Amino acid sequence: MARKALKKKIARKTSTPDVPAVDLSLRLKHFESKREEIVQSLRQLVELESPSDNKSAVDRLGAMLAGRFEKLGGHSMFHRVPNFGDHLQVDFAGKRGGKPVLLLGHLDTVYPLGTLSSMPCKVGGGRITGPGAFDMKVGIAMMLAAIEALRGWYEDTLPRPVTVLLVSDEEIGSDTSRHITESVAKRCQAVLVLEPAYGPKGAVKTARKGIGEYTLEVTGKAAHSGLDFEKGESAIVELARQILEVAKLTDLKRGVTFNVGTVQGGTRTNVIPAQASAVLDVRIVRMKDAAEIDRKLRRLRPFNRKCKIKITGGINRPPMERAATAEPYKQASQIAKRLGWKLEEAAVGGGSDGNFTAGLGIPTLDGLGGVGEGAHAPNESVVISELPRRTALLAALIEAL
């Protein structure tokens, strides 16, 4: 079917925002015809490198995307940040009123500037590779394609208001963007997170662990290890004993884990160390576990009473609990079934900005981005054949939620 005729037929089928009346097979054909355009859009995004710690690079990508979204009828604005990239928000009006759907993602990647020289963006073997392709520039390319298609089907508007929020610091903790994400999300009906799908079957993420970071500091007493050994109090020995106590707090059945990620201490081999510290990564499945974990850590006492210990930190990313994802997942799985496949779900240990919105009780569905592998690794890639149906699913969800 010629593309023009296909567009008219889709428009007739979608003259109402009632998604059950839509012929999704026609939608899928449309996105199949746009597959190469989505790939080229993704290539453009990948080739604009955007490491979290390079403000000018992230801002170049943000400015380019602001222009692209504005050409699709959006109103763009930046939340200015002095030391990191500016956060991009784009608002679209809709044919019907009500709260918008939030399309949430991030601009930044973990790869330093210049990675393209050793890890170029390539298309081959049914995949597109490159730094940040999978996590999560493919999700941004899908946003662009879905919004463009919906505007074509709804006479240069969208079926309902939509807000796009792309932050610049997700890969490094979202410290400057969290309050923006939460503020924008509170005004929205639901949140669709375009982070990568999980596994080769492209499962969406309906649960994520919450994340905490604590620092355990020990202060002892320095002394010469040869001349005055008995006068010293080793901070490292005390820290080692405390680490063993922390390890006992891991409870795999409850999904609670403690990882001692980094350890520092001492000055020289012939000096009994007066200072030592460890940084702990904490993961939880349920927010109600957070207070108990915090209490247990702060109740730690030194084995050597001549040493002092100090605990700082806390849970900085609440868990995404399934209660907040159940309804959008139900709708997404029904749409996927009509598109011809079973949409699976997964609970994962890593966090995303969807943790913040789900933690507020806002219906949230994560992992709606591309299918692929190798996030943060040299083999990062996206499966091209999955792009049409993932984008068709996104477009239909925008209408349905």
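Before reading further, recall that the structure is shown in the block above.
These figures come from a predicted structure and were not determined experimentally. (Residues numbered from 1 in each chain as written. Predicted model: local features only at pLDDT ≥ 70, side-chain atom pairs only at ≥ 80, totals over all residues. Heavy atoms only, no water.)

(A) Expanded view of the side chain of Thr-364. Residue placement: Thr-364 occurs in strand β16 (residues 364-365). Of the residues examined, Thr-364 reaches a relative accessible area of 0% and is grouped as buried. Within the structure, the side chain of Thr-364 is placed 2.9 Å from the side chain of Thr-357, a separation counted as a polar contact. Residues within four places of Thr-364 in sequence aside, it is in contact with Val-191, Val-193, Met-320, Ala-324, Thr-325, Pro-328, Gly-354, Thr-357 and Ala-358. (Helix = DSSP H or I, 4+ residues; strand = E, 2+ residues; numbered from the N terminus. Buried < 20%, exposed > 50% of the residue type's maximum accessible area, 1.4 Å probe, protein only. Polar contact = N/O pair within 3.5 Å; in protein donor to acceptor, adjacent residues only side chain to side chain. Contact = heavy atoms within 4.5 Å.)

(B) Seen up close, the sheet that holds strand β4 (residues 122-124). Taken in spatial order, the four strands line up as β4-β5-β18-β17 in an open sheet, and their pairing is antiparallel. Strands at the two margins of the open sheet, each flanked by one partner only, are β4 and β17 (372-373). By the bridge criterion, two bridges tie β17 to strand β18 (residues 381-383) in an arrangement that is antiparallel. Bridge pairing in β18 links Glu-373 to Ser-381. (Pairing = 2+ DSSP bridges.)

(C) Inspection of helix α4 (residues 55-71) at higher detail. For α4, built from 17 residues, the straight-helix expectation of 24 Å at 1.5 Å per residue is met to within 8% by its first-to-last C-alpha distance of 24 Å. As for α4, its buried residues are in contact with α3 (35-46), β1 (75-79), β2 (87-92), α5 (133-153) and β6 (162-167). In the stretch just after α4, Gly-73 is the one whose phi turns positive, near 100°. (Expected span 1.5 Å × (residues − 1).)

(D) Structural detail: the sheet that holds strand β3 (residues 101-106). Spatial strand order, β1-β2-β6-β3-β7-β16: six strands in an open sheet with mixed pairing. At either end of the open sheet lies a strand with only one pairing partner, and these are β1 and β16. Relative to β16, strand β7 (residues 190-193) is paired through two bridges, and the arrangement is parallel. Note on β16: the bridge partner recorded for Val-191 is Thr-364. Each of β2, β3 and β6 is contacted by α5, which is oriented at about 145° to β3, the strand it contacts most. (Axes fitted to C-alpha atoms, helices over the stretch in contact; angles between N-to-C directions.)

(E) Spotlight on the nonpolar core. In this structure, Leu-65, Phe-69, Leu-103, Val-164 and Leu-192 are the most contacted members of the largest nonpolar core, which totals 69 residues. With sequence-adjacent residues up to four places away left out, Val-164 is seen in contact with Phe-69, Leu-88, Gln-89, Val-90, Phe-92, Leu-102, Leu-103, Met-143 and Ile-147. (Core = buried A, V, L, I, M, F, W, Y, C linked by side-chain atoms within 4.5 Å.)

(F) Examining the environment of Ile-172 more closely. As for its placement among the helices and strands, Ile-172 is situated in the loop between β6 and α6 (178-185). With a relative accessible area of 42%, Ile-172 lands in the partly exposed category.

(G) Highlighting α3. Its twelve residues place the ends of α3 17 Å apart at the C-alpha level, agreeing with the 16 Å of an ideal helix rising 1.5 Å per residue. Those residues of α3 that fall on the buried side of the exposure criterion are Ile-38, Val-39, Ser-41, Leu-42, Leu-45 and Val-46. Down the axis, α3 shows its buried residues gathered within 160° of arc, on one side only. (Arc of directions from axis to C-beta.)

(H) Representation of the packing of α3 against α5. In contact at an axis separation of 9 Å, α3 and α5 are set at 130° when each is read in the N-to-C sense. As the angle between them shows, α3 and α5 are arranged oblique. Considering only the axes of α3 and α5, their crossing is right-handed. On α5, the residues that touch Ile-38, Ser-41, Leu-42, Leu-45 and Val-46 of α3 are Ala-133, Lys-137, Val-138, Ile-140, Ala-141, Leu-144 and Ala-145. Taken together, the residues of the contact of α3 with α5 sort by class into ten nonpolar, one polar and one charged. (Parallel < 35°, antiparallel > 145°, perpendicular 65-115°, else oblique. Left-handed = near helix turned anticlockwise from the far one by under 90°. Nonpolar A, V, L, I, M, F, W, Y, C, P; charged D, E, K, R; others polar.)

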